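# Notes for the structure review
Given next are the chains, with one letter for each unit.
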Amino acid sequence: MKKTWLVLKTEFINTVTRRSFLLTLILVPLVPALILGGVALLGGDEDAGDGGGILQPQQPEAVMEGYVDQAGIIEAFPDWVGEERLIAYSSLEDAKQAVEEGEITAFFVIQEDFLETGAVRYVREDFNPLSAMDTTGIIQSVLEFNLLGADPQKYQLYRNPVQVQLVNLDPEAVERDEDNILAFYLPYGVTMLFYVLILTSASLMLNSVAKEKENRVMEILMSSIKPNQLLTGKILGLGLVGLLQMVVWMGSALILLRLGGTTLNIPSNLQLSPEVFYWGIPFFILGYLLYATIMAGAGALVPNVKESTQATFIVILPILIPLLLVGVIINQPDAPLPVILSLIPFTAPNTIMTRMAVTSVPIWQLLVAMALLIITIFFLVRAVANMFRAQLLLTGKKFSLGLYLKALAGSDLETSDLSES
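Residues numbered from 1 in each chain as written. Predicted model: local features only at pLDDT ≥ 70, side-chain atom pairs only at ≥ 80, totals over all residues. Heavy atoms only, no water.

## Here's the deal with the overall build of the chain
The helix and strand tally for the chain stands at 20 helices and four strands. Looking at the chain as a whole, 44% of its 421 residues are labelled buried. Across the chain, every contact between residues at least 6 apart in sequence was considered, and the portion connecting residues at least 24 apart equals 71%. As displayed, the chain has an accessible area near 22,700 Å², and 61% of this comes from carbon and sulfur atoms. (Helix = DSSP H or I, 4+ residues; strand = E, 2+ residues; numbered from the N terminus. Buried < 20%, exposed > 50% of the residue type's maximum accessible area, 1.4 Å probe, protein only. Contact = heavy atoms within 4.5 Å. Areas by Shrake-Rupley, 256 points an atom, 1.4 Å probe, with all protein chains shown as cover.)

## Some details on a negative patch on the surface
Among the surface-exposed residues, Glu100, Glu101, Glu103 and Glu125 lie close enough to one another that they form a single negatively charged patch. Take Glu100: it is sitting in helix H4 (residues 92-100). (Patch = residues over 30% accessible without salt bridge, like charges linked within 9 Å, V, L, I, M, F, W, Y side chains within 5 Å. Salt bridge = Lys/Arg side-chain N within 4 Å of Asp/Glu carboxyl O. Lys, Arg positive; Asp, Glu negative; His and termini not counted. Charge placed at Lys NZ, Arg CZ, Asp CG, Glu CD.)

## Considerations on helix H1 (residues 2-16)
Taking 1.5 Å per residue, 15 residues should reach 21 Å; H1 reaches 21 Å between its end C-alpha atoms and fits that length. Every buried residue belonging to H1 is among Thr4, Val7, Leu8, Glu11, Thr15 and Val16, and all of these are buried. Buried residues in H1, looked at end-on, bunch into an arc of 135°, giving them a common side. Residues of H1 that are exposed and angled more than 90 degrees away from the buried face: Lys2 and Trp5. (Expected span 1.5 Å × (residues − 1). Arc of directions from axis to C-beta.)

## Some thoughts on unusual backbone geometry
Glycine aside, residues mostly have negative phi angles, and peptide bonds mostly take the trans form. Not every positive phi belongs to a glycine, and Ala150 is a case in point at roughly 55°. Among the secondary structure elements, Ala150 is positioned in the loop between helix H6 (129-147) and helix H7 (152-159). Judged by relative accessible area, which is 30%, Ala150 ranks as partly exposed.

## Re the side chain of Thr376
Note that Thr376 resides in helix H17 (residues 363-387). Residue contacts for Thr376: discarding those within four places in its chain leaves Leu290, Pro345 and Phe346.

## Describing the pattern of salt bridges
If you walk through the whole model with that rule in mind, you get two salt bridges. Lys234 is paired through a salt bridge with Glu11; the nearest N and O atoms lie 2.4 Å apart. With a gap of 223 residues between them, Lys234 in helix H10 (residues 227-259) and Glu11 in helix H1 connect regions that are remote in the sequence. The class of Glu11 is buried, set by a relative accessible area of 10%. Among the salt bridges present, the one from Asp334 reaches Arg355, with a minimum N-O distance of 3.3 Å. In this pair, Asp334 sits in the loop between helix H14 (326-331) and helix H15 (336-343) while Arg355 sits in helix H16 (residues 348-356), placing the two residues 21 residues apart along the sequence.

## Observations regarding the nonpolar core
By size, the foremost hydrophobic cluster in this structure holds 65 residues, and its most contacted members are Phe194, Met250, Phe283, Met295, Ile352, Met353 and Met356. It is helix H11 (residues 274-301) that contributes the most residues to this core, 15 residues altogether. Those residues in contact with Met295, other than ones at most four positions away along the chain, are Leu199, Ala202, Ser203, Met205, Leu206, Thr312, Val315 and Ile316. Ranked by size, the runner-up nonpolar core spans 15 residues in total, among them Ile73, Phe77, Val142 and Leu143. (Core = buried A, V, L, I, M, F, W, Y, C linked by side-chain atoms within 4.5 Å.)

## Quick look at the environment of Gly237
Position of Gly237 relative to the elements: it lies in helix H10. By relative accessible area, Gly237 is classed as buried at 0%. Linking Gly237 and Thr4, residues 233 residues apart in sequence, is a C-alpha distance of 9.5 Å. Among residues more than four places away in sequence, those in contact with Gly237 are Leu8, Glu11 and Phe12.

## Regarding the packing of H15 against H16
The geometry of H15 relative to H16 is characterised by a closest axis approach of 7 Å and an angle of 135° between their N-to-C directions. Comparing their axes, H16 and H15 come out oblique. Considering the relative orientation of H15 and H16, their crossing is left-handed. Along the contact surface, H15 presents Pro338, Val339, Leu341 and Ser342, while H16 presents Ala348, Thr351, Ile352 and Arg355. Its residues assigned to classes, the contact of H15 with H16 shows five nonpolar, two polar and one charged. (Axes fitted to C-alpha atoms, helices over the stretch in contact; angles between N-to-C directions. Parallel < 35°, antiparallel > 145°, perpendicular 65-115°, else oblique. Left-handed = near helix turned anticlockwise from the far one by under 90°. Nonpolar A, V, L, I, M, F, W, Y, C, P; charged D, E, K, R; others polar.)

## Thoughts on the sheet that holds strand E2 (residues 86-88)
Across the sheet, four strands lie side by side as E2-E1-E3-E4; this open sheet has mixed pairing. One side of each edge strand has no neighbouring strand; the edge strands of this open sheet are E2 and strand E4 (120-124). Recorded for the sheet is a direction-independent mean angle of 25° between the axes of neighbouring strands. As paired strands, strand E1 (residues 65-69) and strand E3 (residues 106-110) are joined by four bridges and run parallel to one another. Considered in E3, the bridge of Asp69 is made with Ile110. In the packing of H4 onto the sheet, the strands contacted are E1 and E3, and the crossing angle to E3 comes to about 165°. (Pairing = 2+ DSSP bridges.)

## Considering the packing of aromatic side chains
All told, the structure shown has six aromatic pairs when counted by the stated rule. Ring geometry for Phe108 versus Tyr122: centroids 4.8 Å apart, planes at 40°, classification tilted. One end of the pair, Phe108, is in strand E3; the other, Tyr122, is in strand E4, with 14 residues separating them in the sequence. Overall, Tyr122 belongs to the buried group, its relative accessible area being 17%. The interplanar angle of 25° and the centroid separation of 6.4 Å between the aromatic rings of Phe284 and Tyr288 together place this pair among those described as stacked. (Phe/Tyr/Trp six-rings, centres within 6.5 Å; stacked < 30°, edge-to-face > 60°.)

In structure tokens form, the structure reads like this:
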């Protein structure tokens, strides 16, 4: 126990005292805080009060345009457009003269055979395809409104024939504004943050073992400590480093979202729940233990730090699945696929946190996911503990998935399997 504690303390102190780690720990939350402060000083709050906000740009000013109705279709304007938005002209010559004099920027020509062909011309001096795409929607809505007899109810039914009303049976649930851009990017940010936290923390284990093997430090350690004690001390020591990083980063994120809600114009129904932080701690710990154990097994096989890069890519493939399917998880958090991913130990930590940033996850799913993670970690630790023996730690060859799985299964490796290539 004393030797395990010594390894734990050494790994923790050596990691947290590195300049690179301290800079990362401080700068990741500090940079967004400085940006948020700069936005507030430059008038971010005023922008939000005008209905815009930093992440919700102001509506552009209306551009005056005209039209020539040769087919006699337009008889009335919907309330949301108004006659001042489109000016009627009786002939092409009058419309062209208005453009030349700067009264309008462009005009539409509704041709006589519109009812047969649907042909509308768009005329302007400085033709820009992008601006044309933005403005043609106006004349389209006006024409549709008149073709439907200038009846606002018929027009609304035509534009939105199906009105689906979502009813949540949970009285405490807060309805999210799915049209807000933050409805996607806040959960996506949680996914990325959790992915980075678990991956970087677990990768420290692989790099630590691989570096000590390459520098021959492992040979000295093996003469005074048992492999199992070394494994336990490294996992716990680097786990405390990752937990410190997780608490600082996620705590800072919640504080910044609370303080910057007005500046960024974040609605209250899109704010991250404190449950994301509370449940994030145990799921981070379990996710770290899972992947740190896997990384430790890979580190026991690779001969040097260079080979550890290949090993890292192979063993982290499962944690990439929630990242690749993040759109499905955010848009349909209670669909069968996200629920299944929440119960698979290798994808559970990221998937659970993404879903919790969107909706309330049933308590039974959280508990089952944690139970399955604990069971998986228990068997993985036992398997990797068998790999943490002098035969593997003092030798190594180029990493391969087959060799890793063979060692993980507890099979005895032949001398040819362990010799360096």
